[in-house]
2 protein chains.
Amino acid sequence: MSPPISTADRHAALRAALTDIAEHRIAEGGLAALKARDLAKEAGCSLGAIYLHFPDLDALVFAVQARTLDLLDAAVSAAAGEGAAPAPRILALSLAYLDWAAANRPRWAALFEHRLAADAEVPPDYRAQRARLFRHVEAPLTALLPQATPAEREAMARSIFAAVHGIVSLGLDEKLETTPLPALRAQLAAVVLALARGLAAPG
Amino acid sequence: MSPPISTADRHAALRAALTDIAEHRIAEGGLAALKARDLAKEAGCSLGAIYLHFPDLDALVFAVQARTLDLLDAAVSAAAGEGAAPAPRILALSLAYLDWAAANRPRWAALFEHRLAADAEVPPDYRAQRARLFRHVEAPLTALLPQATPAEREAMARSIFAAVHGIVSLGLDEKLETTPLPALRAQLAAVVLALARGLAAPG
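Throughout this document, residue positions are counted from 1 along each chain, in the order its sequence is written. By the order in which they are written, chains take letters starting at A while ligands take numbers starting at 1. Given that this is a predicted model, residues contribute local features only at a pLDDT of at least 70 and side-chain atom pairs are listed and counted only at 80 or more, while totals for whole chains, interfaces and linings are drawn from all residues. Excluding hydrogens and water, the side-chain figures rest on all heavy atoms present in the structure.

### Remarks on the interface of chain B and chain A
Size of an interface: often given as the accessible area lost when the parts come together. Note the cut-off: Should any heavy atoms of two residues lie within 4.5 Å, those residues are considered in contact. Summed over both partners, the accessible surface that disappears when two parts come together, traced with a 1.4 Å probe, is what is meant by buried area. Counted as salt bridges are all cases of a side-chain nitrogen of Lys or Arg within 4 Å of a carboxyl oxygen of Asp or Glu. N or O atoms within 3.5 Å of each other form a polar contact, as long as, within protein, one can give a hydrogen and the other can take it, and as long as residues adjacent in sequence are counted only when both atoms are side-chain atoms. Counting from the N terminus, the helices are DSSP H or I runs at least four residues long and the strands are E runs at least two residues long.
In this complex, chain B contributes 36 residues to the contact, which on the side of chain A involves 37 residues. Each partner contributes to the roughly 3,400 Å² buried at the junction of chain B and chain A, and carbon and sulfur atoms together form 56% of this total. Counting the contacts that link chain B with chain A gives 0 salt bridges. Inspection of the region where chain B meets chain A yields 6 residue pairs in polar contact (both at pLDDT 80 or more). Counting only elements with at least two residues in the side of chain B that touches chain A, the list comes to helix 6 (105-113), helix 7 (124-144), helix 8 (150-172) and helix 9 (181-200) of chain B. Element by element, the count of residues in the side of chain B that touches chain A is highest for helix 8 of chain B, at 11 residues.

### Side note on the relation of the copies chain B and chain A
Put simply, the rule reads: Superposition of the copies was done by least squares, using only C-alpha atoms of residues whose pLDDT is at least 70 in both.
Turning chain B through 180° and shifting it by 0.0 Å along the axis lays it on chain A, with an RMSD of 0.0 Å. Taken together, the rotation and translation describe the operation of a two-fold axis.

### Thoughts on the domain arrangement of chain A
All names here are of chain A. Applicable threshold: Here the limits of each domain have been adopted from an automatic or database domain assignment.
Domain annotation of chain A identifies domain 1 (1-54) and domain 2 (56-200). Distance from the C-alpha centre of domain 1 to the C-alpha centre of domain 2: 30 Å. Taken together, the 17 residues of domain 1 in the interface contact 13 residues of domain 2. Both sides together, the interface formed by domain 1 and domain 2 hides about 1,400 Å², and carbon and sulfur atoms give 75% of it. Of all residues in domain 1, Glu23, Leu31 and Phe54 bury the most surface against domain 2, accounting for 41% of the area lost on that side. On the surface where domain 1 and domain 2 come into contact, there are 3 salt bridges. We note a salt bridge from Glu23 to Arg67, for which the minimum N-O separation is 2.6 Å. For the interface between domain 1 and domain 2, the tally reads 4 residue pairs in polar contact (both at pLDDT 80 or more). Elements with a contribution of two residues or more to the side of domain 1 that touches domain 2: helix 1 (7-29) and helix 2 (36-43). Considering each element in turn, the side of domain 1 that touches domain 2 owes the most residues, 10 residues, to helix 1.

### A closer look at the packing of helix 5 (residues 86-103) of chain B against helix 9 of chain B
Residue and element names in this part refer to chain B. Spelled out, the test is: Orientation is described by lines fitted to C-alpha atoms, with helices fitted over the stretch in contact, and by angles between N-to-C directions that extend from 0 to 180 degrees. Should an angle lie under 35 degrees it is considered roughly parallel, over 145 roughly antiparallel, and from 65 to 115 roughly perpendicular; all remaining angles are considered oblique. Working rule for handedness: look at the near helix, and if it is turned counterclockwise from the far one by less than a right angle, call the crossing left-handed; if clockwise, right-handed.
In the contact formed by helix 5 and helix 9, the axes pass within 9 Å of each other and the chain directions differ by 150°. On the basis of their axis angle, the class for helix 5 and helix 9 is roughly antiparallel. For the pair helix 5 and helix 9, the crossing hand works out as right-handed. On helix 9, the residues touching Ala87, Ile90, Leu91, Ser94, Leu95, Leu98, Asp99 and Ala102 of helix 5 are Leu181, Leu184, Arg185, Leu188, Ala189, Val192, Leu193 and Ala196.

### Quick look at the nonpolar core
Keep this limit in mind: Residues grouped as a nonpolar core are buried Ala, Val, Leu, Ile, Met, Phe, Trp, Tyr and Cys residues, joined through side-chain atoms within 4.5 Å. Three labels apply to residues, based on accessible area from a 1.4 Å probe with only protein chains included: buried if under 20% of the type maximum, exposed if over 50%, partly exposed otherwise in between.
If you look at the biggest cluster of nonpolar residues, it comprises 89 residues, and the most contacted ones within it are Leu141 of chain A together with Leu141 of chain B. Those residues in contact with Leu141 of chain B that sit more than four places away from it in its chain are Ile90, Arg153, Met156, Ala157, Ile160 and Leu199 of chain B.

### A few points about the pattern of salt bridges
Close approach of charged atoms allows side chains of opposite charge to pair. Under the defined criterion, the tally for this structure stands at 16 salt bridges over all chains. We note a salt bridge from Glu23 of chain B to Arg107 of chain B, for which the minimum N-O separation is 2.9 Å. You can see Glu23 of chain B sitting in helix 1 (residues 7-29) and its partner Arg107 of chain B sitting in helix 6, a full 84 residues away along the chain. Judged by its relative accessible area of 8%, Arg107 of chain B falls in the buried class. Each of Asp20, Glu23, Arg67 and Arg107 of chain A takes part in one network of salt bridges that share partners.

### Re the side chain of Ser94 of chain A
Residue and element names in this part refer to chain A. With respect to the helices and strands, the residue Ser94 is situated in helix 5 (residues 86-103). One polar contact links the side chain of Ser94 to the main-chain carbonyl oxygen of Ile90, over a distance of 2.8 Å. Apart from the residues lying within four places of it in its own chain, the contact partners of Ser94 are Val164, Leu188 and Val192.

Take a look at the structure:
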């Protein structure tokens, strides 16, 4: 005879189930596909039960976004070892970001579409996880900008990430004329390599 | 005695009034501030009357976005004459974009937050107007990339716009640690000038 399931276990199981369902919905249809009523129906719980496990729907979205950042970080980390010189290293990271975004568009877009109420705070763990994503660019920047302070390198890593994100974001946006992926990869490469050349040759 | 107001005039007046009200709401509070019911109330018309003048709320949003692009284009155009060499010219355009976005955040953000239904089309006029915004970068690129074909220059202008937009967008995003405007301007300048240096010195 199996032991009785504790209340704490049932709570943890429902919390995990709600996160799984929300993750699946966001991965398929983006944030627009996340409705509390549908979630409750699919999880077989009441609408109120969701709010026993998450203070609000934003908290559930952040639980999913943390999983998304884990997957994105794994894809970018896998590319971090590629290339010996700084420029090809930054390029490999940039292309890995593009390829992952192109292959996971709804959940990638959800990272940036999620809008919080004016008085709501981004969870500190989530901030830290996102900051780690910029860090990958800092290592190759050390070789490219040997004179820079760590703070300057950190700011530049963040700006390079932002520039790459802008090219990926407008390139994949269905509202703009979508650029075919090979052309977008070539364009991203042209910009990233020019930027690396320019950083290596101070004006 | 003034002549009677024609039905066509009354229609045009209500259409203009609805666009004005929507523009004001988006400029104050972004897309989230645009609700058909509130619009109708403020315009003193029925909810149904909105849909006599606009096929749907997206069409009204596009009417406002066209005005936003006009204002943004005017701000960027004003900077297009600054600087003689290509790099300071591209920098002036980039800083004008950042400054305008920072000063008009809700309506600037609305340009990129607006999501259409999957089967909806972006109006061709709006596409053309948006494409003109990238054009400003093409003129200085001619001097920087004399060997490039017009198509290559157009693609590079678009990518530079996208990279600048990415830095502006993540820099102004209230979800990320917001960078103070002077630091963001300095960061944008570092990236744009490095990119221009790298483009001028092909690898």
